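The residues making up each chain are set out below.
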Amino acid sequence: MPSPSNRTPAGRTALAWTGALVALFALALWSLSVGVSDVAWNTWWSDSDDAMVAQVLMYSRVPRTLALMLAGSAMAVAGLLMQMLARNHFVEPSTMGTVESATLGMLVCMLFAPDLPVFAKMGISATTAMAGTALFMAVLSRIRLRSAWIVPLVGLILAGVIEAATTFFAYQYDMIQSLRAFSNGDFSVIVEGRYEMLWLSLGVTALAMLAADRFTVAGLGETFATNLGLNYQRLVLQGLVVVSVVTACIVVTVGAIPFVGLIVPNVVRLVLGDNVRRSVLWVAAAGAAMTLLCDLLGRLIIAPYEIPVGTVMGVVGSALFLVILLRRRARQG
């Protein structure tokens, strides 16, 4: 069977995906090669007695690169889902209290049950994240007349209140320094055995991808979804579970990563529109690429030291967010 021409939609899509995967693979290889220890790629297939390079790659560089890709793609997809459920393009887990609620759950674990297994801590963090997200959705449902700017403002206010309460209790019990480990994403401590929980976020994200059509309908409103025979409340609950589990996995493992779930879906939406099935894979790939790139910048700017990826993402993400806002304003008037 002849391959599709580049002039057809299928051909252009195949060509675009080929370029995207090549770029993502190149970023992953670049991530594997950057670090204090020099990496000679021929170690992989040579019979050299120098096993140090292979150990650095297998126990440090490969886990870190995988963790970056898993966390970036999961946060981007979580942001896309929340934007559809909240019917607003300016919300994501870090702008509506989900990340702050997950951090509060980690503080509760550190104060009352510090010896709990990691998965139990993640469960508690996911529960508090779900409670915070549900609170945001409940507050949002009571705002009758809301503009595109009111929704993220409400989320930021709620996030600020939760963060202030968390900081207060952390200060009271001398846990400020421990709390900061979960409030800023940092992949420098990722080694083999400390990132595997992120595979759970990948599984949950894959389930969300299977329900892409339903989330697209949910983004059209409760009345429209109900008329099509969907249980809107159950669908919203499924979305909240996905976002909460993904956020908790990432916060527990590497800390908070801002702006990925805000910037990536908006950039992809400019090209592909609001169809979740059509855009979700692009959002996942772009989220992984953006996280890899910001981590590489953090490792290269002041090498051999590094800047946490959460800090770099905050600077890059805020700049891109301003560009998106100015572009939106220019289109509207």
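What you see is a predicted model; the values in this text were computed from it and never measured. (Residues numbered from 1 in each chain as written. Predicted model: local features only at pLDDT ≥ 70, side-chain atom pairs only at ≥ 80, totals over all residues. Heavy atoms only, no water.)

Overview of the overall build of the protein
Let me state the cut-off plainly: Starting at the N terminus, helices and strands are each numbered in turn, a helix being any DSSP run of H or I of at least four residues and a strand any DSSP run of E of at least two. Relative accessibility under 20% of the residue-type maximum defines a buried residue, over 50% an exposed one, and the middle range a partly exposed one, all with a 1.4 Å probe and only protein chains included. Contacts: residue pairs with any heavy atoms within 4.5 Å of one another.
Within the protein one finds 13 helices and zero strands. When the helices and strands of the protein are read in sequence order from the N terminus, they spell out α-α-α-α-α-α-α-α-α-α-α-α-α. For the protein, buried positions account for 46% of its 333 residues. Counted over contacts in the protein with a minimum sequence separation of 6, partners at least 24 positions apart contribute 76%.

Quick word on the pattern of salt bridges
Note the threshold: Salt bridges are defined by distance alone: a side-chain nitrogen of Lys or Arg within 4 Å of a carboxyl oxygen of Asp or Glu.
One pass over the structure, following the stated rule, counts three salt bridges. For the salt bridge of Arg 64 with Asp 295, the shortest nitrogen-to-oxygen distance reads 2.8 Å. Of this pair, Arg 64 sits in helix α2 (residues 52-86) while Asp 295 sits in helix α12 (residues 276-300), and the two are 231 residues apart along the sequence. Of the two residues, Arg 64 and Asp 295, neither departs from the other in class, the shared state being buried. A salt bridge links Arg 299 to Asp 295, with the nearest nitrogen and oxygen atoms 2.8 Å apart. Residue Arg 299 and its partner Asp 295 are both found in helix α12; the two are separated by four residues, about one turn of the helix. The residues Arg 299 and Asp 295 share a single accessibility class, namely buried. One salt-bridge network, held together by shared partners, links Arg 64, Asp 295, Arg 299 and Glu 306.

Considering the packing of aromatic side chains
We count it as follows: Only the six-membered ring of Trp is used, alongside the rings of Phe and Tyr, when aromatic pairs are assigned; centres must lie within 6.5 Å, and planes under 30 degrees apart are stacked while those over 60 apart are edge-to-face, with the rest tilted.
Evaluation of the coordinates by the stated rule reveals three aromatic pairs. Taken together, a centroid distance of 5.8 Å and an interplanar angle of 70° make the contact between Phe 90 and Phe 321 edge-to-face. With Phe 90 in the loop between α2 and α3 (98-112) and Phe 321 in helix α13 (residues 309-332), this residue pair connects regions lying 231 residues apart in the sequence. By the burial criterion, Phe 90 is buried, and Phe 321 matches it. Seen from their ring centres, Phe 168 and Phe 169 are 5.4 Å apart, and the 75° between their planes marks the pair as edge-to-face.

Some thoughts on the nonpolar core
Across soluble globular proteins, nonpolar side chains show a tendency to be buried alongside one another. Defined as follows: To form a nonpolar core, buried Ala, Val, Leu, Ile, Met, Phe, Trp, Tyr and Cys residues must be joined to one another through side-chain atoms within 4.5 Å.
Of all hydrophobic cores here, the largest spans 92 residues; its most connected members are Phe 136, Phe 187, Val 246, Ile 250 and Ile 257. With residues up to four places along the chain from it excluded, the contact list for Phe 136 reads Ala 86, Val 91, Met 96, Val 151, Val 154, Gly 155 and Leu 158.

Some details on the packing of helix α5 (residues 150-172) against helix α6 (residues 176-183)
The condition that has to hold: Axis geometry follows a simple rule: fit a line to the C-alpha atoms, using only the stretch in contact for helices, then measure angles between N-to-C directions, giving values from 0 to 180 degrees.
It is the contact of α5 with α6, at a shortest axis distance of 8 Å, that shows an interaxial angle of 145°. Between α5 and α6, the contacting residues are Thr 166, Thr 167, Ala 170 and Tyr 171 on the first element and Ile 176, Leu 179 and Arg 180 on the second.

Remarks on unusual backbone geometry
Backbone geometry at Asp 174 places phi at a positive 55°, although glycine is not the residue there. By the element assignment, Asp 174 lies in the loop between α5 and α6. Exposure remark for Asp 174: the relative accessible area of 70% places this residue in the exposed category. If you check the backbone angles, Phe 259 has positive phi at about 70° while not being a glycine. Along the chain, Phe 259 falls in the loop between α10 (232-253) and α11 (260-272). Classification of Phe 259 by relative accessible area gives buried; the value is 18%.

Topic: the environment of Cys 294
Counting through the fold element by element, Cys 294 comes out in helix α12. Judged by its relative accessible area of 2%, Cys 294 falls in the buried class. Between the C-alpha atom of Cys 294 and that of Met 313, which follows or precedes it by 19 residues, the distance is 6.0 Å. If we ignore the near neighbours within four places in the chain, the residues touching Cys 294 are Val 309, Val 312, Met 313 and Val 316.

Focus: a nonpolar patch on the surface
Formally: Patch building starts from residues that exceed 30% relative accessible area and form no salt bridge, then joins like charges within 9 Å and nonpolar side chains (Val, Leu, Ile, Met, Phe, Trp, Tyr) within 5 Å. Computed with a 1.4 Å probe, the accessible areas rest on the Shrake-Rupley method; for each residue, only the protein chains presented here act as cover.
On the surface, Trp 30, Leu 293, Leu 297, Leu 300, Ile 301, Ile 302 and Tyr 305 cluster together into a nonpolar patch covering about 690 Å² of accessible area. In terms of residue count, the dominant contributor to the nonpolar patch is α12 (three residues). Note that Leu 297 resides in helix α12.

A short note on the side chain of Ser 94
Here Ser 94 lies in the loop between α2 and α3. In this structure, Ser 94 is in contact with Val 99, Glu 100, Pro 258 and Phe 259, ignoring residues within four places of it in sequence.

Regarding the packing of helix α4 (residues 118-141) against α10
Going by this rule: When an angle is under 35 degrees it counts as roughly parallel; over 145 it counts as roughly antiparallel; between 65 and 115 it counts as roughly perpendicular; any other value is oblique. Crossing handedness follows the turn of the near helix against the far one: under a right angle anticlockwise gives a left-handed crossing, and clockwise gives a right-handed one. Each residue receives one of three labels: charged for Asp, Glu, Lys and Arg, nonpolar for Ala, Val, Leu, Ile, Met, Phe, Trp, Tyr, Cys and Pro, and polar for the others, Gly being one of them.
Closest axis-to-axis distance for the α4/α10 pair is 8 Å, and the angle between their directions is 135°. Taken together, α4 and α10 sit at an angle that is classed as oblique. As α4 packs across α10, the resulting crossing turns out to be right-handed. The segment α4 lies against α10, with Val 118, Met 122, Ser 125, Ala 126, Ala 129, Met 130, Thr 133, Ala 134 and Met 137 engaging Val 236, Leu 240, Val 241, Ser 244, Val 245, Ala 248, Cys 249 and Val 252. Looking at the contact of α4 with α10 residue by residue, the class counts come to 14 nonpolar, three polar and no charged.

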